[in-house]
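Analysis of the macromolecular model
Residues per chain, in single letters:
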Amino acid sequence: MVIKRGVVLLRPIDALKEKLKTVLSGERYVHSLRVADLSVILARRFGADERKAETAGILYDCARDLSFGEALKEADKFGIILDDVTKNSPGIIHAVIGEALARFKYNINDREVLDAIRYHTTGRKGMSLLEKIVFIADYTEPHRDFPGVGDARKILEQSLDKAVLYAMENTLSHLLEKRMLIHLDTIDARNHYLAQR
Ligand SMILES: [Fe+2]
């Protein structure tokens, strides 16, 4: 926070936080703060832009608390053509709408940040460093507690790519087990990182 001639000026990142606080549940908001913090730590470690990592980490789930119906309406409003899997998956559509909101509501123009938001659930073949960082920060932030998260954190100590692959395979197993739709980007990404290994 900066105080100039008695007027409180928020740093751009704090202004984003204030705005986000009004649209996310308290729990989701603090989760996003943790994802942003971990994204910054990982950016420092792997040599990505820390400011971009913080921005993407803060905003990555900005559309997560919209209802499915609201998300479909937003897609319509923004003229987004959804593929068959996305338009039937609340878990995926929020990432697509999140990118549009980041751009038009939060005024983010940076392509890397927008892509990190867009691909934080599905992943994709050839993800950028920032995309991988936000993807794995969402998966492993300190309050996450599900089978496999401990292993993901250990693998992340050795390799970002291996941790991303592990998270994708774990997610794919979960989706198959629950008989949920799987996006082709995730399969593509999993094959890409497995072949690279
Ligand atoms: Fe999300």
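Just so it is clear, the structure is predicted and the values come from calculations on it, not from any experiment.

Conventions we followed
Starting afresh in each chain, residues are numbered from 1 along the sequence in its written order. Local features in a predicted model are, by the rule used here, given only for residues with pLDDT of at least 70; side-chain atom pairs are given and counted only at 80 or more, and totals for whole chains, interfaces and linings are based on all residues. Counting from the N terminus, the helices are DSSP H or I runs at least four residues long and the strands are E runs at least two residues long. Based on C-alpha atoms, the radius of gyration is set beside the globule rule, defined as 2.2 Å times the residue count to the power 0.38. Counting other C-beta atoms within 10 Å of a residue's C-beta gives its exposure: the residue is buried at 20 or more, exposed at 12 or fewer, and partly exposed in between, where C-beta atoms are placed from the backbone. We call two residues in contact when their backbone-placed C-beta atoms lie within 7 Å.

Each helix and strand in the chain was counted, giving ten helices and two strands. Taken from the N to the C terminus, the helices and strands of the chain come in the order β-β-α-α-α-α-α-α-α-α-α-α. In summary, the chain has a C-alpha radius of gyration of 17 Å against a globular reference of 16 Å for 197 residues, a match within 12%. When burial is assessed residue by residue, the chain has 38% of its 197 residues classed as buried. In the chain, the share of contacts with a sequence separation of at least 24, taken over all contacts with a separation of at least 6, comes to 57%.

Attention now moves to the environment of arginine 103. Mapped onto the elements, arginine 103 comes out in helix α5 (residues 90-104). Taking the C-alpha atoms as reference, arginine 103 lies 12 Å from alanine 63; in sequence the two are 40 residues apart. Once you skip the residues sitting within four places of it in the chain, arginine 103 turns out to touch Ile108 and Leu114.

This brings us to unusual backbone geometry. For asparagine 107, which is not glycine, the phi torsion reads 55 degrees and is therefore positive. You can see asparagine 107 is positioned in the loop between α5 and α6 (111-118). For asparagine 107, a count of 10 C-beta atoms within 10 Å gives the class exposed. Located in the positive-phi region is arginine 179, a residue other than glycine, with phi close to 55 degrees. Take arginine 179: it is sitting in the loop between α9 (160-177) and α10 (184-196).

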